[in-house]
Amino acid sequence: MGAVMLQGTGSDVGKSVLVAGLCRALANRGLRVRPFKPQNMSNNAAVTADGGEIGRAQATQAIACRTEPTTDMNPVLLKPQADHTSQLIVHGQVRGTLRPGNYRQARGALLEDVLASYRRLRAECDVVVVEGAGSPAEINLRSGDIANMGFARAAGVPVVLVGDIDRGGVIAAIVGTRAVIDPDDAAMIRGFLINKFRGDPALFEDGYRQIEQLAGWRGFGVVPWLAPAARLPSEDAVILERPVVSEQQRIVIACPITPRIANFDDLDPLKLEPDVEVRMIAPGQPIPVEAAMVVLAGSKATIADLAFLRAEGWDIDILAHYRRGGHVLGLCGGYQMLGDTISDPHGVEGPSGRVAGLGLLKVDTVLAGRKTLERVNGTAFGTPFQGYEIHMGETTGPDTARPVARMADGRSDGAISADGRIAGSYVHGLLDLAGQRAAWLARIGGTGRGIDQHAAVDRALDEIAALLEIHLDIDALVAMSQMAQD
């Protein structure tokens, strides 16, 4: 039994992808592997078989290990709700709300929950591959830390530091981390690796050796730019800010980016279709008139995001799109926005009250009751689907008599307008299966020729693992993992 932890010189250095690729590489070697992230902050979540929620990246990493995701793989999940609050999820269930005043104290108290999950995973596999969060160089956050060195030292897990050469300054980032962190923290780091290298790695040989000399850590390899990573489910919202350039005439599907957008990886399967262009619409940009369909994605703060949508003028764009004959699909929070009203009588998202929705579906939503966390399957438009629900509230009204989906257990989900051009559903992952995706594209004059999202992800993981086998000293990483304390 062993463990190794990847920490980064900063956010978005590629830790999640590297952990997923390493998990698949080790699984391909016949090892029993489990992913683990002590604390994650993301509004992109997945539902586990044991009825909880974890970060999307850890669910993908579980797929890489060829095992079912469990809540132990991400025991602490923070889901930002507003600028200064986050919903706290512990072992898959809501435990409360964190604010700046109680954040540090609360997270320090969660260390035992984190260690309990880690020990359970450690007992059931050969290697645990741990992902840090942010960077250990953020020494202002070191007190009460459970995500990086606070966990590594408490669990006795050796660390490899990941540097992103694509953003520049990787030598300073790695050596500088050594300079600013506590010496006892630095002692947990056994080496480094370079990620996102474009070109011939031999060109960085001198820099690689200089890092080894200046930091005193050995290098485990230089990883090239991993193009297959683009086919993995998205988790970080920063990905949405990168523009997509259309090279051919395609069916345009547009999705506005609201501040608390959640589970936007629901749109990833559409990117598998060669005749479809998904455009994520940033604030300040109009929804394009050429869009055949507008998708309103999920939200961690539906009422606040609806207000933002109106402030951007996107509500006017959506109504104009509808008048031109366009289609609109709302998923989870986006479904709630499409209705006549959204009520929050108990202040689930903020101040209690009721607001008007976009009025495109004859439904009303009340944000109350227990949070729904459930895997689901069934049929929509006569075609099978598989997905999950993760939402607060209940939506009722005349248009629910025309449901989007029929669950395998006989329940119905969602609503469709009388003219068939507006639809809303609580099912995440609705478009993952190629047949289901083709049914939706047929409604807007397109055809589906892609593969199932699950197959695309699995193939990408194998491709990433193969590249890591070439460019990383995985044998040395496995040997180092045996240094983890029991």
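Rules behind the numbers
Residues numbered from 1 in each chain as written. Predicted model: local features only at pLDDT ≥ 70, side-chain atom pairs only at ≥ 80, totals over all residues. Heavy atoms only, no water. Helix = DSSP H or I, 4+ residues; strand = E, 2+ residues; numbered from the N terminus. Rg over C-alpha atoms; globule rule 2.2 N^0.38 Å. Contact = heavy atoms within 4.5 Å. Areas by Shrake-Rupley, 256 points an atom, 1.4 Å probe, with all protein chains shown as cover. Lys, Arg positive; Asp, Glu negative; His and termini not counted. Charge placed at Lys NZ, Arg CZ, Asp CG, Glu CD. Salt bridge = Lys/Arg side-chain N within 4 Å of Asp/Glu carboxyl O. Buried < 20%, exposed > 50% of the residue type's maximum accessible area, 1.4 Å probe, protein only. Axes fitted to C-alpha atoms, helices over the stretch in contact; angles between N-to-C directions. Parallel < 35°, antiparallel > 145°, perpendicular 65-115°, else oblique. Nonpolar A, V, L, I, M, F, W, Y, C, P; charged D, E, K, R; others polar. Pairing = 2+ DSSP bridges. pLDDT = per-residue confidence, 0-100. Right-handed = clockwise from strand over helix to strand, strands pointing away. Expected span 1.5 Å × (residues − 1). Core = buried A, V, L, I, M, F, W, Y, C linked by side-chain atoms within 4.5 Å.

### Details of the overall build of the chain
Okay, so step 1: If you tally the helices and strands in the chain, you get 14 helices and 28 strands.
Okay, so step 2: Taken over C-alpha atoms, the radius of gyration comes to 23 Å for the chain, in line with the 23 Å a tight globule of 486 residues would show.
Okay, so step 3: Each principal axis of the C-alpha distribution contributes one length, and for the chain these read about 70 × 50 × 40 Å.
Okay, so step 4: In the chain, the proportion of contacts linking residues at least 24 apart, taken out of those at least 6 apart, comes to 72%.
Okay, so step 5: For the chain, the computed accessible surface area is about 18900 Å², with 52% contributed by carbon and sulfur atoms.
Okay, so step 6: Considering the chain, the positive charge centre built from 48 side chains and the negative charge centre built from 57 side chains are found 2 Å apart.

### A look at the pattern of salt bridges
Okay, so step 1: All told, the structure shown has 36 salt bridges when counted by the stated rule.
Okay, so step 2: Note that Lys-371 is salt-bridged to Glu-53, the shortest N-O span being 2.6 Å. Of this pair, Lys-371 sits in the loop between strand 21 (364-366) and strand 22 (372-380) while Glu-53 is found in strand 5 (residues 53-55), placing the two residues 318 residues apart along the sequence.
Okay, so step 3: Judged by its relative accessible area of 11%, Lys-371 is buried.
Okay, so step 4: According to the relative accessible area criterion, Glu-53 is buried, its value standing at 0%.
Okay, so step 5: The partner of Arg-279 in a salt bridge is Glu-290, with the nearest N and O atoms 2.7 Å apart. Here the residue Arg-279 occupies a position in strand 15 (residues 276-281), and Glu-290 occupies one in the loop between strand 15 and strand 16 (291-296), the gap between them amounting to 11 residues.
Okay, so step 6: Salt bridges sharing common partners tie together Arg-142, Arg-153, Asp-182, Asp-184 and Asp-185.

### Examining the packing of helix 9 (residues 302-311) against helix 10 (residues 314-323)
Okay, so step 1: Close contact between helix 9 and helix 10 brings their axes to 5 Å; oriented N to C, the two are set at 75°. Comparing the axis directions of helix 9 and helix 10 gives the class roughly perpendicular. Of the residues in helix 10, those touching helix 9 at Phe-308, Leu-309 and Arg-310 are Trp-314, Asp-315 and Ile-318.
Okay, so step 2: Class assignment of the residues belonging to the contact of helix 9 with helix 10 gives a composition of four nonpolar, no polar and two charged.

### Quick word on the sheet that holds strand 20 (residues 353-356)
Okay, so step 1: The strand order across the open sheet formed by four strands is 20-19-21-24, and the pairing between neighbours is mixed. Bordering the open sheet on either side are strand 20 and strand 24 (394-396), each of which pairs with just one other strand. Pairs of neighbouring strands in the sheet enclose a mean axial angle of 15°, with direction left out of account.
Okay, so step 2: Taken together, the four bridges between strand 19 (residues 341-344) and strand 20 define a ladder with antiparallel strand orientation. When the bridges of strand 20 are listed, Asp-344 appears paired with Gly-353.

### Re helix 2 (residues 56-64)
Okay, so step 1: Burial within helix 2 is extensive, with eight of its nine residues counted as buried.
Okay, so step 2: All of the buried residues along helix 2 are Arg-56, Ala-57, Gln-58, Ala-59, Thr-60, Gln-61, Ala-62 and Ala-64.
Okay, so step 3: Looking at the residues trailing helix 2, positive phi occurs at Arg-66, about 60°.

### Some words on the confidence of the model for the chain
Okay, so step 1: Mean pLDDT over the chain stands at 93; residues scoring 70 or higher make up 96%.
Okay, so step 2: Low pLDDT (under 50) marks residues 238-244, which in the prediction has nine contacts with non-local residues, meaning those over four places away or in another chain.

### Examining the pairing of strand 12 (residues 218-224)
Okay, so step 1: For strand 12, a buried count of six out of seven residues is recorded, marking the element as mostly surrounded by other parts of the structure.
Okay, so step 2: With four bridges connecting them, strand 11 (residues 189-197) and strand 12 associate as parallel partners. Bridging across to strand 12, Phe-192 finds its partner in Gly-219.
Okay, so step 3: In the classification by handedness, the crossover that spans strand 11, the intervening helix 8 (residues 205-215) and the parallel strand 12 is right-handed.

### Quick notes on the packing of helix 2 against helix 13 (residues 453-471)
Okay, so step 1: With their axes 10 Å apart at the nearest point, helix 2 and helix 13 run at an angle of 70° to one another. Our classification of the angle between helix 2 and helix 13 gives roughly perpendicular. Across from Thr-60, Ile-63 and Ala-64 in helix 2, the residues of helix 13 making contact are Val-457, Asp-458 and Leu-461.
Okay, so step 2: Counted by class, the contact of helix 2 with helix 13 contains four nonpolar, one polar and one charged residues.

### Concerning helix 1 (residues 15-28)
Okay, so step 1: Taking 1.5 Å per residue, 14 residues should reach 20 Å; helix 1 reaches 20 Å between its end C-alpha atoms and fits that length.
Okay, so step 2: For helix 1, the buried fraction is high: 11 of the 14 residues fall into the buried class.
Okay, so step 3: Of the positions making up helix 1, those classed as buried are Lys-15, Leu-18, Val-19, Ala-20, Gly-21, Leu-22, Cys-23, Arg-24, Ala-25, Leu-26 and Ala-27.
Okay, so step 4: Once helix 1 finishes, Gly-30 follows within two positions and takes phi at roughly 90°, a positive value.

### A few points about the nonpolar core
Okay, so step 1: Core analysis: the largest hydrophobic core is formed by 44 residues, its most contacted members being Tyr-118, Phe-151 and Ile-194.
Okay, so step 2: Those residues in contact with Ile-194 that lie beyond four places of it in its chain are Gly-163, Ile-165, Val-170, Ile-174, Phe-204, Tyr-208, Ile-211, Gly-221, Val-222 and Val-223.
Okay, so step 3: In terms of nonpolar packing, the next biggest core, distinct from the first, is built from 34 residues, Leu-18, Val-19, Ala-27 and Val-127 among them.

### Observations concerning the environment of Pro-228
Okay, so step 1: With respect to the helices, strands and loops of the structure, Pro-228 is situated in the loop between strand 12 and strand 13 (251-256).
Okay, so step 2: Take Pro-228: its relative accessible area is 8%, and that puts it in the buried class.
Okay, so step 3: It is 23 Å that separates the C-alpha atoms of Pro-228 and Asp-475, two residues lying 247 residues apart in sequence.
Okay, so step 4: Other than its neighbours up to four places away in sequence, Pro-228 contacts Ala-460, Glu-463, Ile-464 and Leu-467.

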